[in-house]
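Listed below, chain by chain, are the residues.
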Amino acid sequence: AAAGSTVELGCGAQGDPAPRVQWHKERGDLPWGRHEVDQEHTLRLYAVTPADSGTYVCTAQSQLGTAAATARLRV
């Protein structure tokens, strides 16, 4: 991604009951004040910088178990 741009990382998690979805960054925190997660569990990172590069993990958890997916970002 280009520095200063907005990045969207999708996470498709469905179930009945609906799973609880969380995003986190491996070896770091989500950029404070520059991220949001919408109703479809898409993580948006605003005004990305090289420090935002890394692996982001989406975890979906329900009574049936836990599933995770990763996305790698390079700025």
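Model, not experiment: these values are computed from the prediction. (Residues numbered from 1 in each chain as written. Predicted model: local features only at pLDDT ≥ 70, side-chain atom pairs only at ≥ 80, totals over all residues. Heavy atoms only, no water.)

**A few points about the nonpolar core**
In this structure, V7, L9, V21, W23, L43, L45 and Y56 are the most contacted members of the largest nonpolar core, which totals 14 residues. When residues in this core are grouped by element, the largest group, three residues, is from strand β5 (residues 54-62). Y56 has contacts with L9, W23, H24, K25, L30, P31, L43, L45, A69, T70, A71 and L73, leaving out every residue within four places of it along the chain. (Core = buried A, V, L, I, M, F, W, Y, C linked by side-chain atoms within 4.5 Å. Buried < 20%, exposed > 50% of the residue type's maximum accessible area, 1.4 Å probe, protein only. Helix = DSSP H or I, 4+ residues; strand = E, 2+ residues; numbered from the N terminus. Contact = heavy atoms within 4.5 Å.)

**A closer look at the state of the cysteines**
A full pass over the atoms with the stated rule returns one disulfide. In this model C11 forms its disulfide with C58; the gap between the sulfur atoms is 1.7 Å. On the S-S bond that ties C11 to C58, the torsion sits near -65 degrees, and the link is left-handed. Residue C11 is found in the loop between β1 (7-9) and β2 (20-25), and its partner C58 is found in strand β5; the two are separated by 47 residues along the sequence. For the residue pair C11 and C58, the accessibility class agrees, reading buried in each case. (Disulfide = S-S within 2.5 Å.)

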